[in-house]
Amino acid sequence: MKSSICALLIASLCGFMNSAIAAPLIERIGAPLAHPWGMDFLDDSTVLVTERSGKLYKINLADGTRQPITGLPDIEVRRQGGLLDIAIATLDNGPATVFFCYSKPMTGGSVTAIDRAQLAGTSLTNRRTIFMANNVSKNAIHYGCRLVLNDDYIYASLGERGARYDAQDPAIHAGAIIRLHHDGSIPKDNPRPDGWAPEILSKGHRNPQGLAIHPDTGALWSHEHGPRGGDEINVITGGDNYGWPTVSHGKEY
C-alpha cells in the first residue's frame, strides 16, 4: 500500500511539471492533524495515522471522518519522541495486525520500541512489545523508527539518539537497521559479524527515517538524516556498516 502512495505522488509530480497538463488539485481530507508521523492503509478507503503526540486515528478517506484508536501503551512524548511509524498486515477473514513504533519511557530515559496488536473496531487488543532497543537514553532525539513489512520480516530503523559513536558499537541497537520475524523472533539468517546484537541487519546509521522495499528486486532501501549536507540514501546489505560517524559527507553543526 505504501508503494501505491509513492506511485500516486510521483504521478502527481509528473503532472505538475508538464505544462500541457493542468496542475493537480490538492484537497485536505478531514480535520487538521498535529505532527502526523506515520500512516498505512487498512483498505482502499481507510487509513491509520499516528500523531507524534501519542494519538492514533482511523480516517475515512471518502468523507474525512476520523475515530481515535484506544489501547496504546505509555509513550514518552518529548522533542522528537512520541508515537511514530505504523505498518499493517491484513490477514484474510481476520483482524488487521498492527505494528507501531514509539519512544517507550524507561528508568533513565527512553528507548525505541515496537509493539504488535490486533485492531478490533477502534481498539488495539492483544498488544505486546516485540522489540525494545538496548540503549536507554535521556536524549529525546534520533529515534529513527520507520517500519516496513514483507511476507517474512519486519524491518525497523533505529537512530543513534544523538550519541554518534554508539552507531559504531556492534553490541547495542543505536544507529542500526534491524530485521525480525512478525512475532518478534530473530531470523536465523540475520548476519552475525563479531559482537553484533542478533537483531541487527546493518550498522553505522545516524537517524534513518525512511525505509522501502524495492518492488522488483526486493532490496531494502533506506534514507537517513545526516549533518548539514550529509543526508544519505543507501541500498542495505546485511552485515554492512554504513560509516556514521567515521565516514560522512556532511559538515558539523
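In the block above lies the structure referred to throughout.
Being a predicted model, the structure only gives us computed values, none of them experimental.

So, how was this worked out
Residues numbered from 1 in each chain as written. Predicted model: local features only at pLDDT ≥ 70, side-chain atom pairs only at ≥ 80, totals over all residues. Heavy atoms only, no water. Helix = DSSP H or I, 4+ residues; strand = E, 2+ residues; numbered from the N terminus. Rg over C-alpha atoms; globule rule 2.2 N^0.38 Å. Buried < 20%, exposed > 50% of the residue type's maximum accessible area, 1.4 Å probe, protein only. Contact = heavy atoms within 4.5 Å. Areas by Shrake-Rupley, 256 points an atom, 1.4 Å probe, with all protein chains shown as cover. Lys, Arg positive; Asp, Glu negative; His and termini not counted. Charge placed at Lys NZ, Arg CZ, Asp CG, Glu CD. Disulfide = S-S within 2.5 Å.

Draft legend 1. Just the overall build of the protein, in detail. A count of helical and extended segments in the protein gives one helix and 15 strands. The C-alpha radius of gyration of the protein comes to 18 Å, within 12% of the 18 Å expected for a compact globule of 253 residues. Principal-axis analysis of the C-alpha atoms places the extent of the protein at approximately 50 × 50 × 35 Å. Within the protein, the proportion of its 253 residues that are buried is 45%. Considering only intrachain contacts with a sequence separation of at least 6, the fraction spanning at least 24 residues in the protein is 52%. Summing over all exposed atoms, the protein offers an accessible surface of approximately 13000 Å²; the carbon and sulfur share of this is 53%. Within the protein, the 26 negative side-chain charges are centred at a point lying 8 Å from the centre of the 23 positive side-chain charges.

Draft legend 2. Structural detail: the state of the cysteines. Using the criterion set out here, one finds one disulfide in the structure. Here Cys 101 engages in a disulfide with Cys 145; their sulfurs sit 1.9 Å apart. Looking along the S-S bond of the Cys 101-Cys 145 disulfide, the torsion reads about -100°, which is the left-handed sense. One end of the pair, Cys 101, is in strand 6 (residues 96-106); the other, Cys 145, is in strand 9 (residues 144-149), with 44 residues separating them in the sequence. Neither Cys 101 nor Cys 145 differs from the other in exposure class; each is buried.

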